[in-house]
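Reading the structure
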Amino acid sequence: MGTEETRGGENRSGELPAEVRSVPAEPAEPGGPGENAAPEQAERQDEQQDEQASHSGRQRLREGLWPPRVTRPQLIVALLLFVLGLGLAIQVRSNNDSSALRGARQEDLVRILDELDDRTQRLEGEKQRLEDQRTGLENSSDQAEEARKQTVEKERQLGILAGTVAAQGPGITLTIDDKKGSVEADMLLDAIQELRAAGAEAIQINDVRVVASTYLSDTDSGGVRVDGRTVGKPYRFKVIGKPQDLEPALNIPGGVVQTLEKEQATVTVSRAEKIVVDALRAAKRPDYARSSSQ
């Protein structure tokens, strides 16, 4: 009784039997309110600290990048690094391409060759198109240059005919020595007409240029005026043209030379390889006529 009461008392005192004490306690379920409160709070604090650190880090990075403060040595180093990286990338890509081709199937290689052929044909077509365009531009430039040269030459020819520019070339010199004053304006006009008919391109009487509008008249003292200017004796014609045609045209029977000699004038015709016609006329603007292209 005493023993049992003692055991019962021990039991009542709160001590567990040995069998009960030996049973291991089950672990508490994770996520309980007591156990998870502190870690979650610590995790939130860590997140806040990380966020503040990242925010301050971004701010420092932004302040460091802007405004940019790049020196010349830094720029040179960056450029060298860029070139080095580009070369390495090209080399790696070429190695990868070659390794890929080594392991490719025959069908893939055939397809790649076909694509390369098509690309080559397109590039050849583009090359031909550009060459044709270049040729067209060169021809256009040549045509423009040729047109400019022709314009300059045409202007020079018109200037010679208009008497506004000097001229030189082969021709003849016709000298009429009228000591008795029997040579009249119509005789000199006949000489001019005969020379023009024989192909004279430029004519000068003494120091007066003969053009299409030139007129001759007699003076009261027995002389001749050319375009209103009195020319002295002897009358010296400087004519540019083909000498083989000009001289015979003056010496034909009943022509200019014989007519002048009948008036007891002395006529001399001499050929020359170079005749200079340097008497000029001022360019006159027409009062009413205008170019139809304006």
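Below or above, wherever it landed, is the structure these notes cover. (Residues numbered from 1 in each chain as written. Predicted model: local features only at pLDDT ≥ 70, side-chain atom pairs only at ≥ 80, totals over all residues. Heavy atoms only, no water.)

1. Details of the overall build of the chain
The condition is simple: Numbering of helices and strands runs from the N terminus, with a helix taken as a DSSP run of H or I at least four residues long and a strand as a DSSP run of E at least two residues long. For every residue, the accessible area obtained with a 1.4 Å probe (protein chains only) is divided by the maximum for its type, and the residue is called buried under 20%, exposed over 50%, and partly exposed between those limits. Note on contacts: a residue pair qualifies if any of its non-hydrogen atoms lie within 4.5 Å across the two residues.
Counting secondary structure elements, the chain contains eight helices and eight strands. For the chain, the proportion of its 294 residues judged to be buried stands at 20%. Sequence-distant contacts, at least 24 apart, represent 74% of the contacts inside the chain between residues at least 6 apart.

2. Notes on the nonpolar core
What counts, and what does not: Throughout this description, the term nonpolar core refers to a set of buried Ala, Val, Leu, Ile, Met, Phe, Trp, Tyr and Cys residues connected via side-chain atoms within 4.5 Å.
Judged by nonpolar contacts, the single largest core of 32 residues is most densely connected at I176, L195 and F237. The element best represented in this core is helix α6 (residues 185-197), accounting for six residues. Contacts of I176, omitting those with residues within four sequence positions, involve V183, L188, P234, Y235, F237, L260, A265 and T266. Core analysis: the second largest hydrophobic core is formed by six residues, A202, I240, I275 and V277 among them.

3. Regarding a nonpolar patch on the surface
This is how it is decided: Every patch collects residues that have over 30% relative accessible area and no salt bridge, joining them within 9 Å if they carry like charges and within 5 Å if they are nonpolar side chains (Val, Leu, Ile, Met, Phe, Trp, Tyr). Areas reported here follow the Shrake-Rupley algorithm with a probe of radius 1.4 Å; residue values treat only the protein chains shown as occluding. Criterion for a salt bridge: a side-chain nitrogen of Lys or Arg within 4 Å of a carboxyl oxygen of Asp or Glu.
Residues L79, F82, V83, L86 and I90 make up a contiguous nonpolar surface patch of roughly 520 Å² in combined accessible area. As for its placement among the helices and strands, V83 is situated in helix α4 (residues 72-102).

4. Concerning the sheet that holds strand β5 (residues 224-226)
The test is simple: Strands pair, by our definition, only if DSSP identifies at least two bridges between them. Where helices are involved, their axes are fitted lines through C-alpha atoms of the stretch in contact, as for all axes, and angles between N-to-C directions lie from 0 to 180°.
Spatial strand order, β4-β5-β6: three strands in an open sheet with antiparallel pairing. The open sheet is flanked by β4 (216-218) and β6 (229-231), the only strands paired with a single partner. Strand-to-strand, the axes of this sheet are offset by a mean angle of 40°, without reference to chain direction. Pairing analysis gives three bridges linking β5 to β6, with the strands arranged antiparallel. From the neighbouring strand, V226 faces β6, where its bridge partner is R229.

5. Thoughts on the sheet that holds strand β8 (residues 266-277)
Across the sheet, five strands lie side by side as β3-β2-β7-β1-β8; this open sheet has antiparallel pairing. The open sheet is flanked by β3 (208-210) and β8, the only strands paired with a single partner. Taking each pair of neighbouring strands and ignoring which way they run, the sheet shows an average axis angle of 25°. As paired strands, strand β2 (residues 202-205) and β3 are joined by three bridges and run antiparallel to one another. What sits directly across from Q204, in β3, is R209. Along the sheet, helix α7 (residues 243-251) makes contact with β1 (167-177), β7 (235-240) and β8, crossing β1 at roughly 20°.

6. Considerations on the pattern of salt bridges
Throughout the structure, instances matching the rule amount to seven salt bridges. As a salt-bridge pair, E126 and R129 come within 2.5 Å of each other at their nearest N and O atoms. With E126 and R129 both in helix α5 (residues 106-162) and three residues apart, the pair spans about one turn of that helix.

7. Looking at α7
Because each turn of an α-helix spans 3.6 residues, side chains separated by three or four positions end up pointing in the same direction. Using the following cut-off: This arc is taken over the directions from the axis of the helix to the C-beta atoms.
For α7, the full list of buried residues reads P243, L246, A249 and L250. End-on, the buried residues of α7 take up no more than an arc of 140°, which puts them together on one face. Tucked inside the fold, the buried residues of α7 contact β1, α6, β7, α8 (256-262) and β8.

8. Side note on the layout of surface pockets
Rule in force here: Grid spacing is 1 Å over the protein atoms alone, the probe is 1.4 Å, and a cavity is where that probe fits but cannot get out, while a pocket is an open set with protein on both sides within 12 Å along at least five of seven lines and lining residues have an atom within 4 Å of a point. Grid points are joined across faces, edges and corners, and a volume is the space filled by probe spheres set on the points. The classification used treats Ala, Val, Leu, Ile, Met, Phe, Trp, Tyr, Cys and Pro as nonpolar, Asp, Glu, Lys and Arg as charged, and all other residues, Gly among them, as polar.
As a volume, the largest pocket reaches approximately 250 Å³. Lining the largest pocket, in full, are L161, A162, T164, V211, A212, S213, R281, A282, A283 and K284. Estimates place the volume of the second largest pocket at around 210 Å³. Elements represented by at least two residues in the lining of the second largest pocket include exactly α5 and β1. Split into classes, the residues belonging to the lining of the second largest pocket amount to seven nonpolar, four polar and two charged.

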